[in-house]
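# Structural characterization, general
If you want the building blocks of each chain, they are given just below.
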4 protein chains.
Amino acid sequence: MAVRTVRAAVAGASGYAGGELLRLLLGHPGIEIGALTGNSNAGRRLGGLQPHLLPLADRVLAETTPEVLAGHEVVFLALPHGQSAAVAERLGDEVLVVDMGADFRLKDAADWERFYGSAHAGTWPYGLPELPGARAALEGSRRIAVPGCYPTAVSLALFPAYAVGLAEPEAVITAASGTSGAGKAAKPHLLGSEVMGSMSPYGVGGGHRHTPEMIQNLSEAAGERVTVSFTPTLAPMPRGILATCSAKAKPGITAQEVRAAYEKAFADEPFVHLLPEGQWPATASVYGSNAVQIQVTYDEAAGRIIAISAIDNLTKGTAGGAVQSMNIALGLPEDTGLSTIGVAP
Amino acid sequence: MAVRTVRAAVAGASGYAGGELLRLLLGHPGIEIGALTGNSNAGRRLGGLQPHLLPLADRVLAETTPEVLAGHEVVFLALPHGQSAAVAERLGDEVLVVDMGADFRLKDAADWERFYGSAHAGTWPYGLPELPGARAALEGSRRIAVPGCYPTAVSLALFPAYAVGLAEPEAVITAASGTSGAGKAAKPHLLGSEVMGSMSPYGVGGGHRHTPEMIQNLSEAAGERVTVSFTPTLAPMPRGILATCSAKAKPGITAQEVRAAYEKAFADEPFVHLLPEGQWPATASVYGSNAVQIQVTYDEAAGRIIAISAIDNLTKGTAGGAVQSMNIALGLPEDTGLSTIGVAP
Amino acid sequence: MAVRTVRAAVAGASGYAGGELLRLLLGHPGIEIGALTGNSNAGRRLGGLQPHLLPLADRVLAETTPEVLAGHEVVFLALPHGQSAAVAERLGDEVLVVDMGADFRLKDAADWERFYGSAHAGTWPYGLPELPGARAALEGSRRIAVPGCYPTAVSLALFPAYAVGLAEPEAVITAASGTSGAGKAAKPHLLGSEVMGSMSPYGVGGGHRHTPEMIQNLSEAAGERVTVSFTPTLAPMPRGILATCSAKAKPGITAQEVRAAYEKAFADEPFVHLLPEGQWPATASVYGSNAVQIQVTYDEAAGRIIAISAIDNLTKGTAGGAVQSMNIALGLPEDTGLSTIGVAP
Amino acid sequence: MAVRTVRAAVAGASGYAGGELLRLLLGHPGIEIGALTGNSNAGRRLGGLQPHLLPLADRVLAETTPEVLAGHEVVFLALPHGQSAAVAERLGDEVLVVDMGADFRLKDAADWERFYGSAHAGTWPYGLPELPGARAALEGSRRIAVPGCYPTAVSLALFPAYAVGLAEPEAVITAASGTSGAGKAAKPHLLGSEVMGSMSPYGVGGGHRHTPEMIQNLSEAAGERVTVSFTPTLAPMPRGILATCSAKAKPGITAQEVRAAYEKAFADEPFVHLLPEGQWPATASVYGSNAVQIQVTYDEAAGRIIAISAIDNLTKGTAGGAVQSMNIALGLPEDTGLSTIGVAP
């Protein structure tokens, strides 16, 4: 193919987000993989760290420095929260910097400081193209803030209800995530022995850092402040998010209006698939894919709209979303290098 | 020990509920295991059907007939929904009949008929001793309706908030269940290949048969009709329920009031363990045990009380609850043959 | 791309092998997906049967008849054992028929009859290109017998030792397989409740149908009859085979000779990756990929060569192997539409 | 019951072996649980470390010092390898010291030094009562070396064949273990994200520390040096070992002789269950139980005896075996506080 390739560097190539990004970039016809960095793993072969990425097995990780990252048209930052700003400011304005961390997602500095405990670095165009207005902000941009995995699943499941005024501004959300969402740092509660056969909640009661991001997205869709009660749970699976999202229905709405709003919202979306009525999402169906599977219903007896979405937290929830937004920023077809086909069973 | 033993028969001994019941009865000092029946498996050795129950390996299943079940002081019915009434009426009034199916749980005949599609058989004392008034109804009773697994987890998590008037009558519940809750009948969507690595919802929008049972329990605690939005999900684990239960808070309540209500509700309960603040339940911690682990918090920003419970769906959720209620009915110490110790990791 | 596309039909599109094949064909630039059939599922939407294959969601399965399969240049048969011959003989000699069942794998009719209990249908070129002489037989062929998943993993792990005379003709093999290897038909022992948390053997003592196929492959490599003691086990994972293959070492061999034999055997293979010394395969690393990861060592104290391979049973072990062989038969680059990149973690 | 209770201390109460031991001791009528220690976790509540042990939730761990351990009739040591000797020598000869580590298992000092790299501390009576002569050595003993989990599963599976001379001294063994066998220390390769969905080998080629222990046991049974080719694999489950053990058959043996040898070896064993012919072990069947399920067959074509055992690595493989041996040493019924009933599904 006569596609011009651009060189991309990946800072943080030894973690789960970095590994998934490399998996996708290896299949992207417009990308040439350049520098790979990883701080504690600098100097190590990628083959020992990401043994599933055979074509890159002999690549050796460099340290994450401006010199190493220089000379690339795209730089992906898969760094711990709070580290992206310092790196980004050393890269030129003409470089497309895609931050897979949280640093530039929130618009409200107070929210950032309360949940992350450091100074707010700023706000970049938000890499969830399916949200109203998001694509326009991404086109031609040279800075992208990739959304969190939970906000991706939740915002896509609920924004259609809010955008057309079907729901009261009170959302109750429970989401189950695969363990890769917690990263690759070894912690006792993430051991296989602990997580297999177990479901457990964490960050209950508004404490999860993704909560203000959901509030931001849903409030923008609703045009008013939406409160969100968000409970994340850890599920015994490596990947996947199943988000059960519920919003109090406005008086007098009908099931047909709800269905219509969702059909309209996703009619032209390449990655969001509203399932036929009666079929519900399963995380296995989007394993390794950039697809979002959504179903919605109106529980009249309870007076609530229930929308459920399934994504792969590492693909659409992180690295796939990053590539999708990069494609838009670079003017490539949005689905280049991305698939809606899951690996199942 | 000089405990008098009573003979117990188990109808439906080849299924998951029956197997768990036998596991518990084998360790119960007051029970002698009598007849074991199983319709499609009649004539088969239990060793081939329940290979974990070594002491009963050479027992052969009989057919479920009144003659086989006669002559036992206790008869457990672990039968498909709708089959218990016909069997029970052939057993004498002096026999303690413990129905592990749904037939006698609901008080409202219309609810029964809407969700189960057959005529309502009646209502028996409800085997969830921790609910207000439940123990008194079980003492000396010769009929017990064992609760559903989800209603057990959900009712225990939320009734304290309703009983003291802290919550508005609108509950939103998402629960994740291990696959044994779906039974042992082979269906494609329950294959290991399908469920491992996958989370998926079912019965969304009020369709699950356990919904009216939850409404019944919570409404009785609240003294008013509580609406329940209930979403069950299937989790990749054999056992366990994690119920995330949320109720809109009444205006002006405080976190201290919520904590106090839960501490008081469970202070003397042998099986319900309100965790220390900051520690959340995990299903692995109650694996194979009759314990319920609960934590509660008040999310002031969202205006909701969030209570989360973990149970083993087969133990406290079915067979353990049955034994606990049987103990009360027979006048035995309530915890005879039951443990609060999980098998973990 | 200016690739000429050929139309391919898939008989048995609702099963796991058929689903994986479609996943690969969707990404194959030289294939246009034609008729899809499935007997008990004829008339159903593929979206309900293979919900991970979004681009084909609206395709409806036809019955498996010669008329439906006619008019395709390639026909894949993912049918139960013993059904391929009758279908194949109704397809013209110019059609490339790729049998993913066992019917045409064995050369010895007596072996076939003993293990499968029906008349032997014949022998087709064997679709494991990495074996000595296999590629030549596949080039231009219009009939391909895709190997079994276990024989793929085992033959690749051991043939290099036999081909250069390092091993006595006595192999002892234990392999763990994901549950998808047992297919999608609902059987009680394959329920998630049964397989999660459990390892169990089956077909012990030479009873597994893949044993004669392994003996055939290893004996051809050795130039003498190799006995194989093969024990398959079912592992709690959806996909993957880990084959632990051990052969008694010939007297006087060295570890260097063993390593050299394996390096030479796989030096030019696009899909077989001999890992660096000290690194061992894991099935997660080849999840969804056509790669084979192999490591080998010589245990001098025990006098045995131990070779361990990891494959994805559905990809390289079935559908990927089928596509790889098809590519050779059609004269396409062997790796067209296939990847060596796994989906991990 | 009028059982005299003895006080037992547990050093290493925060790990998996210590936790399982406490689970069993809580149900042991002859034991009163005394001091609990844990080095890095000293000062912490057990409820936060072992949340499944509700009755001990408020116990606080002490440091592992001679003073803390003094005054107990039984002291269990669940310490890292190499640390038991120093502790044991500070405890009086009249104290029953049960070492759950490896320090006193091996008779050959050279083997110890080669595999563990420190000076050999000695050899204590070996806590696998089912081996010939083992019970006599345990009766009244005040020192017990609890076997390794793999040697327990493997030795029980193969010693009958060696004890009556049916097998050549060449054993080939592959065993799959649940992740709890690797302990509770957080390491990246043991993360849930890494192990779920994956099978992988380790310590291949004779490198595993349990190999000399197996050789010791099997050689004693055989009366000659047995070579062992042992490959352990890590399986995606928290508990359980499935050991596939194969030995070259002596010429002229019959399947009947093999069966008879195993029936005789285990006829009076309370915990070892030779399954009926045709039924094979599964780790799920012994989950949480002290039972060993074994099946054996003679593969005449391959000339090998294949014996397969399933145990729970933490119960019979560690803590249950420790309690069983303690019972013998204390003169209690051997099965006191132990069960042959698994928690399944």
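Keep in mind that this is a model prediction, so the values were computed, not measured.

Residue and element names in this part refer to chain A. Taken as a whole, chain A is organised into domain 1 (6-146 + 318-330) and domain 2 (150-311). Listed by partner, the interface residues are 24 residues for domain 1 and 25 residues for domain 2. Both sides of the domain 1 and domain 2 interface together cover about 2,100 Å² of buried area, and 52% of this is carbon and sulfur. The largest share of the area that domain 1 buries against domain 2 comes from Tyr16, Phe115 and Glu130, three residues that together contribute 30% of it. The interface formed by domain 1 and domain 2 includes 4 salt bridges. Here Glu269 ties to Arg135 by a salt bridge, and the two come within 2.6 Å at their closest N and O atoms. In this assembly, domain 1 and domain 2 are joined by 12 residue pairs in polar contact (both at pLDDT 80 or more). Elements with a contribution of two residues or more to the side of domain 1 that touches domain 2: helix H1 (16-26), helix H5 (109-116) and helix H11 (315-330).

Listed per partner, the contact involves 40 residues of chain A and 40 residues of chain B. Between chain A and chain B, the buried area comes to about 3,000 Å², and carbon and sulfur atoms account for 66% of it. On the surface where chain A and chain B come into contact, there are 2 salt bridges. As a salt-bridge pair, Lys248 of chain B and Glu170 of chain A come within 3.2 Å of each other at their nearest N and O atoms. In this structure, the connection of chain A to chain B is made through 8 residue pairs in polar contact (both at pLDDT 80 or more). Secondary structure elements with two or more residues in the side of chain A that touches chain B: strand E6 (167-177), helix H8 (192-195), strand E7 (200-201), strand E8 (227-234), strand E9 (241-249), strand E11 (292-299) and strand E12 (304-311) of chain A.

The next point concerns the relation of the copies chain D and chain A. For these two chains of identical sequence, chain D goes onto chain A by a turn of 180° and a shift of 0.0 Å along the axis, with RMSD 0.0 Å. In symmetry terms, the pair is related by a two-fold rotation axis. Residues of chain D ranked by C-alpha distance from the rotation axis are headed by Gly192 of chain D, positioned 1.7 Å from it. Both copies contact each other with a shared surface, as 100% of the interface residues of chain D are interface residues in chain A too.

Residue and element names in this part refer to chain A. UniProt records the feature "active site" (unreviewed entry) for Cys149 in the present numbering. Topologically, Cys149 is positioned in helix H7 (residues 149-163). Ignoring sequence-local partners within four residues, the contact set of Cys149 consists of His210, Ile241, Ile311, Asn313, Gly317 and Thr318.

Next up on the list: helix H10 (residues 255-266) of chain C. All names here are of chain C. Given a rise of 1.5 Å per residue, 12 residues ought to cover 16 Å, and the 17 Å separating the end C-alpha atoms of H10 matches this to within 8%. What H10 keeps buried is the set Val258, Arg259, Ala261, Tyr262 and Phe266. Burial along H10 is one-sided: seen end-on, the buried residues are contained in an arc of 160°. Facing away from the buried side of H10, by more than 90 degrees, are the exposed residues Gln256 and Lys264. Residues of H10 that are buried sit in contact with helix H7 (149-163), strand E10 (272-274), strand E11 (292-299) and strand E12 (304-311).

A word on the interface of chain D and chain A. Often, the extent of an interface is quoted as the loss of accessible area on bringing the components together. Contact residues are listed per partner, giving 19 residues for chain D and 19 residues for chain A. When the two sides are added together, the surface that chain D and chain A hide from each other amounts to roughly 1,400 Å², 65% of it contributed by carbon and sulfur. The largest per-residue losses of area from chain D upon contact with chain A belong to Leu191, Ser193 and Met196 of chain D, which jointly make up 42% of the total buried on that side. Linking chain D to chain A there are 8 residue pairs in polar contact (both at pLDDT 80 or more). Per element, the largest residue contribution to the side of chain D that touches chain A is 4 residues, and it comes from helix H8 (residues 192-195) of chain D.

Before going further, it helps to spend a moment on the side chain of Lys316 of chain A. All names here are of chain A. Structurally, Lys316 can be placed in helix H11. Classification of Lys316 by relative accessible area gives buried; the value is 2%. At 3.0 Å, the side chain of Lys316 forms a polar contact with the side chain of Glu130. Lys316 has contacts with Leu128, Pro129, Glu130, Thr152, Leu156, Ser289, Asn290, Ala291, Val292, Ile311, Gly321 and Gln324, leaving out every residue within four places of it along the chain.

Bringing the sheet that holds strand E3 (residues 74-77) of chain C into the picture now. All names here are of chain C. The parallel open sheet is built from 5 strands, whose spatial order is E2-E1-E3-E4-E5. Each of the sheet's edge strands pairs with one partner strand only, and the pair in question is strand E2 (31-37) and strand E5 (143-145). Taken over all neighbouring pairs, the strand axes of this sheet differ in orientation by 20° on average, direction set aside. In this sheet, E5 lies alongside strand E4 (residues 96-99) in parallel orientation, the contact comprising 3 bridges. Among the inter-strand pairings, Asp99 is bridged to a residue of E5, identified as Ala145.

Next up on the list: unusual backbone geometry. For the bond from Ala344 of chain C to Pro345 of chain C, the omega torsion is 0°, close enough to zero to count as cis. Among the structural elements, Pro345 of chain C can be located in the segment after helix H11 (315-330).

Turning our eyes to something else, we now look at the packing of aromatic side chains. Applying the stated criterion across every chain yields a total of 22 aromatic pairs over all chains. Aromatic pair Tyr287 of chain B and Tyr287 of chain D: ring centres 5.6 Å apart, planes at 40°, arrangement tilted. One end of the pair, Tyr287 of chain B, is in the loop between strand E10 (272-274) and strand E11 (292-299); the other, Tyr287 of chain D, is in the loop between strand E10 (272-274) and strand E11 (292-299), on a second chain. We classify Tyr287 of chain B as buried; its relative accessible area is 8%. Through a chain of ring-to-ring contacts, three or more aromatic side chains come together here, namely Phe159, Tyr262 and Phe266 of chain A. Sitting over the ring of Tyr287 of chain A, Arg239 of chain A keeps its end group 5.7 Å from the ring centre.

Our focus in this paragraph is the UniProt feature "domain: Semialdehyde dehydrogenase NAD-binding" (unreviewed entry) in chain A. The UniProt record marks residues 7-139 of chain A with the feature "domain: Semialdehyde dehydrogenase NAD-binding" (unreviewed entry), using the residue numbering of this structure. The span residues 7-139 of chain A shows a helical share of 28% and a strand share of 15%, and its end C-alpha atoms are spaced 19 Å apart.

Turning next to the pairing of strand E2 (residues 31-37) of chain B. Within E2 of chain B, 6 of the 7 residues are buried, which leaves it mostly tucked inside the rest of the structure. A crossover connection joins strand E1 (residues 6-11) of chain B to the parallel E2 of chain B through helix H1 (residues 16-26) of chain B; in handedness this β-α-β unit is right-handed.

With respect to the element layout, Pro66 of chain C can be found in helix H3 (residues 66-69). Between the C-alpha atom of Pro66 of chain C and that of Val87 of chain C, which follows or precedes it by 21 residues, the distance is 6.9 Å.

Turning our attention to empty space enclosed by the protein. Over the atoms a probe the size of a water molecule is rolled, and this reveals where empty space is left. Tallied over the full model, the rule gives 11 cavities of 30 Å³ or more. Estimates place the volume of the largest cavity at around 100 Å³. Together, 14 residues line the largest cavity, and Thr174 and Thr233 of chain C together with Thr174, Ala176 and Thr233 of chain D are the ones closest to its centre. The set of elements that each furnish at least two residues to the lining of the largest cavity consists of strand E6 (167-177) and strand E9 (241-249) of chain C together with strand E6 (167-177) and strand E9 (241-249) of chain D. Split into classes, the residues belonging to the lining of the largest cavity amount to 8 nonpolar, 6 polar and no charged. Counted as a void, the second largest cavity has a volume near 90 Å³. Broken down by secondary-structure element, the contributors of at least two residues to the lining of the second largest cavity are E6 and E9 of chain A together with strand E6 (167-177) and strand E9 (241-249) of chain B. Tallied by class, the residues present in the lining of the second largest cavity amount to 8 nonpolar, 6 polar and no charged.

So, about the packing of helix H1 (residues 16-26) of chain C against H11 of chain C. All names here are of chain C. Two elements in contact, H1 and H11, have axes whose closest approach is 9 Å; the angle formed by their N-to-C orientations is 50°. Judged on the interaxial angle alone, H11 and H1 are oblique. Here H1 runs over H11; the crossing is right-handed. For the pair H1 and H11, the contacting residues are Ala17, Glu20, Leu21, Arg23, Leu24 and Leu25 in the first and Thr315, Thr318, Ala319, Gly320 and Val323 in the second. Considering only residue class, the contact of H1 with H11 consists of 6 nonpolar, 3 polar and 2 charged.

Rules used throughout
Residues numbered from 1 in each chain as written. Chains lettered and ligands numbered in written order. Predicted model: local features only at pLDDT ≥ 70, side-chain atom pairs only at ≥ 80, totals over all residues. Heavy atoms only, no water. Domains from an automatic or database assignment. Contact = heavy atoms within 4.5 Å. Buried area = accessible area lost by both parts, 1.4 Å probe. Salt bridge = Lys/Arg side-chain N within 4 Å of Asp/Glu carboxyl O. Polar contact = N/O pair within 3.5 Å; in protein donor to acceptor, adjacent residues only side chain to side chain. Helix = DSSP H or I, 4+ residues; strand = E, 2+ residues; numbered from the N terminus. Least-squares fit on C-alpha atoms with pLDDT ≥ 70 in both. UniProt positions renumbered as here; feature names shortened; annotations may be inferred. Expected span 1.5 Å × (residues − 1). Buried < 20%, exposed > 50% of the residue type's maximum accessible area, 1.4 Å probe, protein only. Arc of directions from axis to C-beta. Pairing = 2+ DSSP bridges. Axes fitted to C-alpha atoms, helices over the stretch in contact; angles between N-to-C directions. Phe/Tyr/Trp six-rings, centres within 6.5 Å; stacked < 30°, edge-to-face > 60°. Lys NZ or Arg CZ within 6 Å of the ring centre and 35° of its normal. Right-handed = clockwise from strand over helix to strand, strands pointing away. 1 Å grid on protein atoms, 1.4 Å probe; cavity = no way out; pocket = protein on both sides within 12 Å on 5 of 7 lines; lining within 4 Å. Points joined across faces, edges and corners; volume = space filled by probe spheres on them. Nonpolar A, V, L, I, M, F, W, Y, C, P; charged D, E, K, R; others polar. Parallel < 35°, antiparallel > 145°, perpendicular 65-115°, else oblique. Left-handed = near helix turned anticlockwise from the far one by under 90°.

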